[in-house]
Amino acid sequence: MGKSNIFSEKNRGPLLALAPLLIMLLVLFVWPIAGIFESSFGEDVFTLTSYQRAIGSEVYRQIFYNTLEIAAVVTIGAIIVSYPFAYVMATVSPSMVKLLTFVVLLPFWTSALVRTTAWVILLQRRGVVNVGLEKVGFIDEPISFLYNFSGVLIGMIHVLMPFMVLPLYGAFRSIDGRLLQAAKGLGAGPWRGFIRIILPLSAPGVAAGGLIVFMTSIGYYITPSLMGGPKETMISQQIAYHMQEQLDWGMASALAVILLITTLSIFAIFQKYFGFDKMFSGQDTGEPLRQGDEKSNIQRLVFNISATLAAIFLIAPILVILPMSISETPFIKFPPNAFTFEWFENLYYDPRWSRAFFTSLEIAVMAVVISLFLGTSAAIGLSRLKSRMKPIIEAFVMTPLIIPPIIIAVGLYSFYAPLEMLGSSLGLAIGHALLATPFVFIAVRASLRSFDQNIELAAIGLGANWFTMFRRIMLPSIWPGLMAGSIFAFITSFDDVILAIFLTDVRSRTLPRVIYEGVKYDTDPTIVAVAAILIFVSMVVLITNLILERRK
Amino acid sequence: MSNNPTMKSVELTNIVKKFGSFTAVDDVSINIKAGEFCTLLGPSGSGKTTLLKIIAGYETPTDGSVKIDNRDVSHVSVEIRNIGMVFQNYALFPHMTIAKNVAFPLEMRKIPKKEIKERVQETLDIVGLSELGERYPRELSGGQQQRVAVARALVFEPDILLMDEPLGALDKNLRQSMQFELKKLHRRIGVTIVYVTHDQEEALYLSDQIVVFNEGSIAQKDAPEKLYNAPNSAFVADFLGECNIFPAKIDGNKALLDNGMALKIYGKNNFLQKIGIRPERLIIGAAAKNCENSFEATIDEVFFLGQGFKYILNANGQIWTAVSQNNLNTEEYKKGEIVSVGFDANDIISLTK
Ligand SMILES: Nc1ncnc2c1ncn2[C@@H]1O[C@H](COP(=O)(O)OP(=O)(O)OP(=O)(O)O)[C@@H](O)[C@H]1O
Ligand SMILES: [Mg+2]
C-alpha cells in the first residue's frame, strides 16, 4: 500500500536526511570491515592459512576456550547477582525504587574504564577488601583477586550487570501481581508460587539480558586486560596483540572475522526472539508485583539480603573512590593515614594529564556535534520514511552498538593509515561519533515517537515552512532526546580506550588512554583523582537527569 | 475577524486518490457553497480524512481538481491555501501557551506584535477562553483544548475551516454542548466549514449538507432531512438512523416481501430492490388497525431506552424493530404478547440498492 518503492518522490526528503549517516557507515564501517574479510584470506593470493592456524593451533584454541568460558561464567554470575536485585526493585515502594534506580544507573553512567580502575584499586594486595577481611579476621594472608580468573569475573560482572538488571526489571514489571494472589488462592505456597509463576514468566527477561551480556562479554577488552593475567587472555586482546606487537595483519583479521561472525549470530538470535527496541522497556500490566503477604518472611529475607549485597557490589566500589582520592597513599594502603590534595594538583600541573584532559574534551565535543547531527537527521528521516526497508535500515544504523569495538578500531586503523589520519583528533572524533550515533539515534527516535505527526502538519498548515516548523515546534519537543543523546555520546567518547589505543599517538593521547596505561603499567596515584572527578561528573549528570525527568 | 467574515465556496471535481494500488478516494465530486456547513460522514476507513487532507493540500489527488472560490488550487501548496484545520487530536503545540498557540499563524504571516495581541485576545473571547491564555494545553480539559484548536484555526481568517472529527475524543455530554457551541460559532462568523465525523446524530444536527461515504465513494449527498427521509440505498438508510429493510418485489401498488406479506405502496417503479420503514413510524396497538398497512406480530424482546421503548417484533418469521415514546399514555407491551403493527404507505422508503 504505497510502500512499495523506497525511491518514490515521497521518500526523497527522508532519504536525504538518512544519507549522511548511511554514507558514513558505508565508508567508515562497512568498507573497512570488508577489508578485514579480504585480508583474512591472505595478502596477495587467496589462502586459508590464517584460519587453519586459528583452528589448528593449541594457543588459539585455548583463547577461544577462555573467551567462551569467561563469557559464560560472567553471564551466569550476572544473572545470579541481578535476579534478586531486579526482583526487589520491581516490588518495593516507589521511593525505594528511586534509590535502587540510582544504584543501577550510576554504574551505567560511569565509564567502564573508571569502574575497572576502581576495582583494581580496591582489590589489590593492600586494598580495601583485603584489609577489611583481615580486620574482621576472615583471612590471615591477603588474597590475590587480581590478574587471575576471579579479577576478570568480578570486573566484568560489575561492568555488565546493568545490562542484566534493566531487562529483568522490565520482565518483572510486566508480570501481573494478581497471578501470585491467584496461585495462593489455588493452594500454592510462597516458594511454589515463586517457582511456578515468577520464574517462568521472568525467563524471557533472563534470556534477553543473558544474551546481551554474553554477546558483549565475548568482545571484551579493557577489563580482562587490566584485571586478568596471561591465562585469561580473550580474543579481543589477541587481535590487538597481533596488530600491535606481531604486526600480523592476516591473523588479526581472521580472528576479527571469527569474533564478528560469532557476535552477529548471537545478535541474530536475540533479534529473532526479543527485538532491539524492547531491550530496556518493560510494559506495566495489571497490578504490579508487590512484596506483600503472598511471600513468606524467610523468602522476603532471602531476597532482601541478596538484593542488598548486589546493591553494595554495584555502588560501593564507585563511592569508595571519592575518599580514596584524597588519601596520601591511595594505591597502597587502606584506610588512609593522611589526607592530601596532591593528586588533584598533579592533575592540574602535570602536562601529561592536563594535555590528555583537554584532548579528550576536544574530541568528545567534536564527537557529540558529529553524532548529534548524523543521529538526529537519520532519526527524523527514518520516522518519515515509508518503505518495507525501514526495519533493515534501522537495524543497520544500530550495528556499531553491537559490533565489538576492537573490530571497529581495527577497521578504522586500516582505513586511516593510508590517509595519514592516525594520530589526528578529528579521526578519533569521527570514530567516536561512529560508536555514539546509535545512542543519539535511539534517543531522538524515542522522543519523535511521542511527537504527533499531525502537529507538524498543523504548523505547516498554519503558515510555517519546514525549517520554521523544525526550529519552533519539533526541536523543543525532541529536546530531551537530544540532551540524553548528547550525554550518552559524550560519555561514549570519554569512555573509549580501544579506539584511542589504535588511533592516537603519544602526542594525541586521550585521558582514558592515559588512565588505562597508568593502571596497566605504572599505577600513578593521580589516576584516583581522575577517577574521582569522572565519577563526580557522572553523579551530577545522573542526578540532574533524574530531577529533570521528575519535572516532566 | 468579526468585521469581515471570509466566505469561499469549494468545488471538488472527480477527485481520485490512490495509495499504490489501493483507491482511498474514488471519483468524488462535491459542491460546497460559500458559508455552508458541509459534513463528510462515513464508516472508518471510508476516505474522509484523506479527502479533507486533499482539500487542505496535505495530499495531492491522483486525479481531479480542487477549486476554492472558482480558482483551481490543485497545485497550490498548503501554507498558501489559507485554510484552517482542526485535527482530530487537536495537534496543539505542547510547549507553547494557549495564547502562543493561537498567535502562531499570525506570527508566520509577519503581522505586527500589537495587532497579534489584539487578534489573539479577540479570538479567545469568541471561543470563551479569554482567561486561559497563559495556560499550557495540558492544563486544559478536552473541551477547552478543542476550542483552542478552533481558535488557532480561525484567528488568521481562513477562507475555509476544516475539522476532522473534532469532538471524537469528548464524552457524550460535552460533545453535545460543543455541538451547540460550534453551530452558534458558525452562525456568528459564517465561515465555510467542511466537517468530518462518523457520528450520524452529530452530522444531522450540524450540517447544511451531508455527504455520506462508503469505501471511498459517495453513497449519497443531500440536506439532513432529505437524507434521513429519503435515503436511496440500504447503506445510507442503515447508517443514518435505524431502518427496517426488506427485499421486495413490486407489483403495481403492491410490494411483495419474502415471507409472502403484501404491502400497499404508492407509485413506485419496478426497479426497486428493497423497501425500508423507520422504526419510529411503526404504530403498535389498536390504532395500527387504521393504518394502510397492518399486520399481527409477536413481541420477541423489549428494551427500555430511557426516552422510549424498543420492540423486536416477529411477524411470520420476519423481524421488525419498532420504537415508541415514553409518554404517560403509551401502553407498555410485554415479551410474548401478540400485537397489531401498522404504518401508512407513505412511510415506505424505496431503496434502489
Ligand atoms: N498514507 C497512506 N498510505 C496508504 N494508505 C493510506 C494512507 N492514508 C490513508 N490510507 C488508507 O486509505 C483509507 C482511507 O483512510 P482515511 O484515513 O481517509 O479514512 P477515514 O474515513 O478518515 O477513517 P477514520 O474514520 O477511521 O478516520 C484507509 O484504508 C487507509 O488505510
Ligand atoms: Mg479519519
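Residues numbered from 1 in each chain as written. Chains lettered and ligands numbered in written order. Predicted model: local features only at pLDDT ≥ 70, side-chain atom pairs only at ≥ 80, totals over all residues. Heavy atoms only, no water.

1. Regarding the overall build of chain A
Thinking step 1. In terms of regular secondary structure, chain A is built from 23 helices and zero strands.
Thinking step 2. On C-alpha atoms alone, chain A measures out to a radius of gyration of 25 Å, which is about the 24 Å that the 2.2 N^0.38 rule sets for 552 residues.
Thinking step 3. The principal-axis extents of the C-alpha atoms in chain A amount to approximately 75 × 70 × 50 Å.
Thinking step 4. Considering chain A as a whole, with its 552 residues, one finds that 54% of them fall into the buried category.
Thinking step 5. Here the contacts in chain A between residues at least 6 apart in sequence split such that 79% fall between residues at least 24 apart.
Thinking step 6. If you sum the accessible surface of chain A, you get close to 24,700 Å²; carbon and sulfur atoms cover 67% of it.
Thinking step 7. Taken as two groups, the 39 positive and 34 negative side-chain charges of chain A have centres that lie 12 Å from each other. (Helix = DSSP H or I, 4+ residues; strand = E, 2+ residues; numbered from the N terminus. Rg over C-alpha atoms; globule rule 2.2 N^0.38 Å. Buried < 20%, exposed > 50% of the residue type's maximum accessible area, 1.4 Å probe, protein only. Contact = heavy atoms within 4.5 Å. Areas by Shrake-Rupley, 256 points an atom, 1.4 Å probe, with all protein chains shown as cover. Lys, Arg positive; Asp, Glu negative; His and termini not counted. Charge placed at Lys NZ, Arg CZ, Asp CG, Glu CD.)

2. Describing the interface of chain B and chain A
Thinking step 1. With 24 residues of chain B at the interface, the matching set in chain A holds 19 residues.
Thinking step 2. With both sides pooled, the region where chain B packs onto chain A buries about 1,900 Å², and carbon together with sulfur makes up 66% of that total.
Thinking step 3. At the junction of chain B and chain A, the tally comes to one salt bridge.
Thinking step 4. Among the salt bridges present, the one from Arg 472 of chain A reaches Glu 107 of chain B, with a minimum N-O distance of 2.6 Å.
Thinking step 5. Connecting chain B to chain A are seven residue pairs in polar contact (both at pLDDT 80 or more).
Thinking step 6. Looking at the side of chain B that touches chain A, the elements with two or more residues in it are helix 2 (78-81) and helix 3 (98-108) of chain B.
Thinking step 7. In terms of residues, the side of chain B that touches chain A owes the most to one element, helix 3 of chain B, which gives four residues.
Thinking step 8. When the residues that make up the side of chain B that touches chain A are grouped by side-chain class, the tally is 15 nonpolar, three polar and six charged. (Buried area = accessible area lost by both parts, 1.4 Å probe. Salt bridge = Lys/Arg side-chain N within 4 Å of Asp/Glu carboxyl O. Polar contact = N/O pair within 3.5 Å; in protein donor to acceptor, adjacent residues only side chain to side chain. Nonpolar A, V, L, I, M, F, W, Y, C, P; charged D, E, K, R; others polar.)

3. A short note on empty space enclosed by the protein
Thinking step 1. Under the criterion given, the structure shown has three cavities of 30 Å³ or more.
Thinking step 2. Quantified by volume, the second largest cavity comes out at close to 60 Å³.
Thinking step 3. Around the second largest cavity sit Ala 458, Gly 461 and Leu 462 of chain A together with Ala 56, Tyr 58, Val 78, Ile 83, Met 85 and Phe 87 of chain B, which together line it.
Thinking step 4. For the lining of the second largest cavity, the elements supplying multiple residues, two or more each, are helix 19 (453-461) of chain A together with strand 6 (83-86) of chain B.
Thinking step 5. Here the residues of the lining of the second largest cavity are counted per class, giving eight nonpolar, one polar and no charged. (1 Å grid on protein atoms, 1.4 Å probe; cavity = no way out; pocket = protein on both sides within 12 Å on 5 of 7 lines; lining within 4 Å. Points joined across faces, edges and corners; volume = space filled by probe spheres on them.)

4. Overview of the packing of helix 11 (residues 235-244) of chain A against helix 17 (residues 405-419) of chain A
Residue and element names in this part refer to chain A.
Thinking step 1. Taken N-terminus to C-terminus, the directions of helix 11 and helix 17 make an angle of 20°; their axes are 10 Å apart at the nearest point. The angle between helix 11 and helix 17 places the two elements in the roughly parallel class. Handedness of the helix 11/helix 17 crossing: left-handed. On helix 17, the residues touching Ser 236, Ile 239, Ala 240 and Met 243 of helix 11 are Ile 406, Val 410 and Tyr 413.
Thinking step 2. Considered class by class, the residues forming the contact of helix 11 with helix 17 number six nonpolar, one polar and no charged. (Axes fitted to C-alpha atoms, helices over the stretch in contact; angles between N-to-C directions. Parallel < 35°, antiparallel > 145°, perpendicular 65-115°, else oblique. Left-handed = near helix turned anticlockwise from the far one by under 90°.)

5. Concerning the packing of helix 3 of chain B against helix 4 (residues 113-126) of chain B
All names here are of chain B.
Thinking step 1. Orientation of helix 3 relative to helix 4, taken along the N-to-C sense of each, is 125°, at an axis distance of 9 Å. One finds that helix 3 runs oblique with respect to helix 4. Of the two elements, helix 3 crosses helix 4, and the hand of that crossing is right-handed. In this structure, helix 3 uses Ile 98, Ala 99, Val 102, Ala 103, Leu 106 and Glu 107 to contact helix 4, whose residues at the interface are Ile 116, Arg 119, Val 120 and Leu 124.
Thinking step 2. Considered class by class, the residues forming the contact of helix 3 with helix 4 number eight nonpolar, no polar and two charged.

6. Remarks on helix 6 (residues 172-189) of chain B
At 3.6 residues per turn, the α-helix brings residues three or four places apart onto the same side.
Thinking step 1. The terminal C-alpha atoms of helix 6 of chain B, which comprises 18 residues, lie 26 Å apart, in line with the 26 Å expected from a rise of 1.5 Å per residue.
Thinking step 2. Residues of helix 6 of chain B that are buried make contact with strand 3 (37-41), helix 4, helix 5 (142-154), strand 7 (160-164), strand 8 (192-197) and helix 7 (200-206) of chain B. (Expected span 1.5 Å × (residues − 1).)

7. Points about the domain arrangement of chain B
All names here are of chain B.
Thinking step 1. Each domain of chain B was delimited in the assignment, giving domain 1 (10-234) and domain 2 (243-351).
Thinking step 2. The distance between the C-alpha centroids of domain 1 and domain 2 comes to 39 Å.
Thinking step 3. Every contact between the two is made by six residues of domain 1 and, on the other side, eight residues of domain 2.
Thinking step 4. Across the interface of domain 1 and domain 2, roughly 560 Å² is buried in total on both sides, 52% from carbon and sulfur atoms.
Thinking step 5. Contact with domain 2 buries area across many residues of domain 1, yet Tyr 228, Pro 231 and Ala 234 alone supply 73% of it, more than any other trio. (Domains from an automatic or database assignment.)

8. A word on the site of ligand 1
Thinking step 1. Close to ligand 1 lie 14 residues, the nearest being Ser 44, Gly 45, Lys 48, Thr 49 and Thr 50 of chain B.
Thinking step 2. Flanking ligand 1 are residues from chains A and B.
Thinking step 3. Contact distances for ligand 1 include 2.6 Å between an oxygen atom and a side-chain N or O atom of Thr 49 of chain B.
Thinking step 4. Within the contact set of ligand 1, an oxygen atom lies 3.3 Å away from a side-chain nitrogen or oxygen of Glu 165 of chain B.
Thinking step 5. Against a free-state accessible area of 640 Å², the protein chains account for coverage of 71% of ligand 1.
Thinking step 6. Sorting the residues of the shell around ligand 1 by element identifies strand 2 (22-32) and helix 1 (48-56) of chain B as the ones contributing at least two each.
Thinking step 7. If you tally residues by element for the shell around ligand 1, the top one is helix 1 of chain B, at three residues.
Thinking step 8. When its residues are assigned to classes, the shell around ligand 1 shows five nonpolar, seven polar and two charged. (Near = heavy atom within 4 Å.)

9. What to know about the layout of surface pockets
Residues and elements named next belong to chain A.
Thinking step 1. What the second largest pocket holds in volume is close to 1,700 Å³.
Thinking step 2. As for the second largest pocket, its lining consists of 40 residues, and the residues nearest its centre are Lys 10, Pro 14, Arg 384, Lys 386 and Gln 453.
Thinking step 3. Broken down by element, the lining of the second largest pocket gets its largest block of residues, seven residues, from helix 15 (residues 351-384).
Thinking step 4. Residue composition of the lining of the second largest pocket, grouped by class: 16 nonpolar, 14 polar and 10 charged.

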